[in-house]
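Residue-level listing of the chains:
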Number of protein chains: 2
Amino acid sequence: MTDATTGTPPLVHEVLAAVLQVRQGSLRVLLWERALEPHAHRWSLPGGRLRADEDVEASIRRQLAEKVDVRQVAHVEQLAVFSAPDRVPGPRVVATAFLSLVPSHLDPALPPDTEWHEVSAMPETAFDHGAIVLRARNRLRAKLSYTNIGFALAPPVFTVSALRSLYSAALGYRVSATNLQRVLSRRGLLEPTGETERPGRSGGRPAALFRFLEATMAVTDPFAVLKPPSPRGTGT
Amino acid sequence: MTDATTGTPPLVHEVLAAVLQVRQGSLRVLLWERALEPHAHRWSLPGGRLRADEDVEASIRRQLAEKVDVRQVAHVEQLAVFSAPDRVPGPRVVATAFLSLVPSHLDPALPPDTEWHEVSAMPETAFDHGAIVLRARNRLRAKLSYTNIGFALAPPVFTVSALRSLYSAALGYRVSATNLQRVLSRRGLLEPTGETERPGRSGGRPAALFRFLEATMAVTDPFAVLKPPSPRGTGT
DNA sequence: TCAAAAGTGTTAGAGGTACACCCATGA
DNA sequence: TCATGGGTGTACCTCTAACACTTTTGA
């Protein structure tokens, strides 16, 4: 900061995104296969260099839109900085990693070298990208519990059982539709549209359709143990 | 990443820390007063330039130890990247911000331009440093609820009422000693040393002394709503 | 023996989970 | 009318807040 004349070795800042979506019943991440060395043929995260006129979030949004035709990410958030000096061979590259989410009803057009991979069965990844994906998954799992982040995985309108399978895929275990509905409703996140879905040919009661009230992330269950004293409380 | 020949404008990466400690009953942050422009006489966070051979966490630890003689930070964690193109005048500087915590019994020697300031009454800060401090405070407050991070605010051994005042200062509201003890004990974070503290001259029952069992941060209350089904559960 | 400070017992309430039961549809 | 899938009612359990009450000290 006040350093004056350091050798100033070249430094590049890149942004990377773990773009997650639930597809075909499992949580997947968008990866592209590197053609060139280093790490040719390994799979890596979309992203690229930070430009002079943008901050990291603008940068990752631009790069996702440009390179991968993902304009419809419903949520983007910073994960962490990855900065091990040798994380990438050659000149140093510091990376800001993001989690981003694509709702399940979208199927963005992808460049030929790009594919969705199950997070639980990723191919060999380039550099530290595998670790970034796992970090993104963990963040998503945690936030499904205490925020409304489900909106970013779900289509605009959905049945509770569809939502249940999204949550199950993301969390990695079966969630009960009964309780999912109850929890999200009690928190005031879900709103019934009034419509119902037509049952399949095997019958069954038509499922009510819901939507999320909010489409931006908010903490809905601030797990605050050691809460502030209640109004009447004297608060020793 | 695969960009080849960009104009490569100069880019500096700095690390900054909001060093927090509870002193004299309130949560404080370590700030130093800038002597030079830009933002002369404003208060700013300790930190500095990332070197070629270290990652961001090593860097902030080094700089705290070097510049501010704070070797005894009990906890350091990444907060976020601050990267607005104009966050600092002149050549671009991207910052990785950290939260770090100093236990209340330590009183590190400080350089003459450096002082502790109440987080709730900070002087005019340089650049975006005020926002970083608030972010650090919010992170600390959240983590006091669902992790064992209290160990990083407390001395090695303490009474429950001393711990209560630390939590109260950090959270900004009075916490009940009764419930604090109960919550932390149930979670298995506290251990009685068997010793007691001698009462003051006004009498009172001698207070039992406790210590935290762990001295590294762990999530102790994984606020997991939508938990995995219990063993017997069939998990529809 | 009284005031002060610490610690425990106990009740009440919030929020979730599990599960039984009821509802609406197609064949 | 039966199978199928959706939705509701309810009992139970865990955790926390609040607060009365007991314990142990100094004066």
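All figures in this text were calculated on a predicted structure; none of them were measured in a lab.

*Asks:* Which residues make up the overall build of chain A, and what values go with them?
*Replies:* Helix and strand counts for chain A stand at four helices and 10 strands. Put simply, chain A runs from its N terminus to its C terminus through helices and strands in the order β-β-β-β-α-β-β-β-α-β-α-α-β-β. Looking at chain A as a whole, 49% of its 236 residues qualify as buried. By element, 51% of the accessible surface of chain A is carried by carbon and sulfur atoms, the whole surface being about 11,400 Å². Counting 28 positive and 23 negative side-chain charges, chain A places the centres of these two groups 9 Å from one another.

*Asks:* If you had to explain unusual backbone geometry to someone new, which residues and values would you point to?
*Replies:* For the bond running from E37 of chain A to P38 of chain A, omega is -5 degrees, close enough to zero to count as cis. Along the polypeptide, P38 of chain A turns up in the loop between β2 (26-33) and β3 (43-44). Within the chain, H39 of chain B stands out as a residue other than glycine whose phi angle is a positive 60 degrees. Examined against the element boundaries, H39 of chain B turns out to sit in the loop between β2 (26-33) and β3 (43-44).

*Asks:* Can you lay out the domain arrangement of chain A for me, pointing to particular residues and giving the numbers?
*Replies:* Residues and elements named next belong to chain A. Parsing chain A into structural domains produces domain 1 (12-143) and domain 2 (147-212). The straight-line distance from the C-alpha centre of domain 1 to that of domain 2 is 28 Å. Contacts between domain 1 and domain 2 engage 15 residues on the former and 13 residues on the latter. The junction of domain 1 with domain 2 conceals about 1,200 Å² of combined surface from both sides, 69% of it contributed by carbon and sulfur atoms. Inspection of the domain 1/domain 2 interface yields zero salt bridges.

*Asks:* Break down the sheet that holds strand β9 (residues 190-197) of chain A for me, citing the residues and quoting the values.
*Replies:* Residue and element names in this part refer to chain A. Pairing is antiparallel across the open sheet formed by three strands, whose spatial order is β8-β10-β9. Two strands lie at the open edges of the sheet, namely β8 (158-159) and β9, each paired on one side alone. Summarising the sheet, β8 and strand β10 (residues 207-212) pair through two bridges and their orientation is antiparallel. Pairing of T159 across the sheet is with L209, part of β10.

*Asks:* Go over the packing of helix α3 (residues 160-171) of chain B against helix α4 (residues 177-186) of chain B, please, and point to the residues and values.
*Replies:* Residue and element names in this part refer to chain B. The geometry of α3 relative to α4 is characterised by a closest axis approach of 9 Å and an angle of 95 degrees between their N-to-C directions. As far as their axial angle goes, α4 and α3 are roughly perpendicular. Only A177, L180, Q181 and L184 of α4 make contact with α3, whose side of the interface consists of V160, L163, R164 and Y167.

*Asks:* So what's going on with the interface of chain B and chain A? Residues and values would help.
*Replies:* The partner chain A presents 57 residues to the 56 residues of chain B that form the contact. Between chain B and chain A, roughly 4,200 Å² of surface is buried when both sides are summed, and carbon and sulfur atoms account for 63% of that area. Summed over the shared surface of chain B and chain A, the number is zero salt bridges. Residue assignment for the side of chain B that touches chain A shows that the elements contributing at least two residues are β1 (11-23), β4 (47-49), α1 (56-68), β5 (75-82), β6 (92-101), α2 (129-146), α3 and α4 of chain B. By residue class, the composition of the side of chain B that touches chain A is 29 nonpolar, 12 polar and 15 charged.

*Asks:* Please set out the side chain of S59 of chain B residue by residue, giving values where relevant.
*Replies:* Residues and elements named next belong to chain B. Residue placement: S59 occurs in helix α1. Polar side-chain contacts of S59 include one of 2.8 Å to the side chain of E54. For S59, the residues in contact, after removing those within four places along its chain, are V15, R49, L50, R51 and E54.

*Asks:* Let's hear about the relation of the copies chain B and chain A: which residues, and what values?
*Replies:* Relative to chain A, chain B is turned by 180 degrees and slid 0.0 Å along the rotation axis, the superposed coordinates differing by an RMSD of 0.0 Å. Interpreted geometrically, this transformation is the action of a two-fold axis.

*Asks:* Account for the layout of surface pockets, with residues named and values stated.
*Replies:* Reported here for the largest pocket is a volume of approximately 1,500 Å³. Lining the largest pocket are 46 residues, and of these R139, K143 and Y146 of chain A together with R139 and Y146 of chain B lie nearest its centre. Where the lining of the largest pocket is concerned, the elements lending two or more residues are α1 (56-68), β5 (75-82) and α2 (129-146) of chain A together with β5 and α2 of chain B. For the lining of the largest pocket, the class distribution of residues is 27 nonpolar, eight polar and 11 charged.

*Asks:* I'd like to hear about helix α4 (residues 177-186) of chain A, residue by residue, with values.
*Replies:* Residues and elements named next belong to chain A. Of the positions making up α4, those classed as buried are L180, V183 and L184. Down the axis of α4, the buried side of the element spans an arc of 90 degrees, and every buried residue falls inside it. Elements that come into contact with the buried residues of α4 comprise α3 (160-171), β9 and β10.

*Asks:* Could you give me a rundown of the pattern of salt bridges, with the residues and numbers involved?
*Replies:* Following the criterion strictly, the structure yields 24 salt bridges over all chains and no others. Its salt-bridge partner being E77 of chain A, residue R139 of chain A comes within 2.7 Å of it at the nearest N-O pair. You can see R139 of chain A sitting in helix α2 and its partner E77 of chain A sitting in strand β5, a full 62 residues away along the chain. Note that R61 of chain B and E57 of chain B form a salt bridge whose closest N and O atoms lie 3.2 Å from each other. In this pair, R61 of chain B and E57 of chain B both sit in helix α1, four residues apart, roughly one turn of the helix. Here E57 of chain B falls in the partly exposed class, since its relative accessible area comes to 34%. Three or more residues are tied together by salt bridges with common partners; here these are E14, R87 and D128 of chain A.

The rules behind these values
Residues numbered from 1 in each chain as written. Chains lettered and ligands numbered in written order. Predicted model: local features only at pLDDT ≥ 70, side-chain atom pairs only at ≥ 80, totals over all residues. Heavy atoms only, no water. Helix = DSSP H or I, 4+ residues; strand = E, 2+ residues; numbered from the N terminus. Buried < 20%, exposed > 50% of the residue type's maximum accessible area, 1.4 Å probe, protein only. Areas by Shrake-Rupley, 256 points an atom, 1.4 Å probe, with all protein chains shown as cover. Lys, Arg positive; Asp, Glu negative; His and termini not counted. Charge placed at Lys NZ, Arg CZ, Asp CG, Glu CD. Domains from an automatic or database assignment. Contact = heavy atoms within 4.5 Å. Buried area = accessible area lost by both parts, 1.4 Å probe. Salt bridge = Lys/Arg side-chain N within 4 Å of Asp/Glu carboxyl O. Pairing = 2+ DSSP bridges. Axes fitted to C-alpha atoms, helices over the stretch in contact; angles between N-to-C directions. Parallel < 35°, antiparallel > 145°, perpendicular 65-115°, else oblique. Nonpolar A, V, L, I, M, F, W, Y, C, P; charged D, E, K, R; others polar. Polar contact = N/O pair within 3.5 Å; in protein donor to acceptor, adjacent residues only side chain to side chain. Least-squares fit on C-alpha atoms with pLDDT ≥ 70 in both. 1 Å grid on protein atoms, 1.4 Å probe; cavity = no way out; pocket = protein on both sides within 12 Å on 5 of 7 lines; lining within 4 Å. Points joined across faces, edges and corners; volume = space filled by probe spheres on them. Arc of directions from axis to C-beta.

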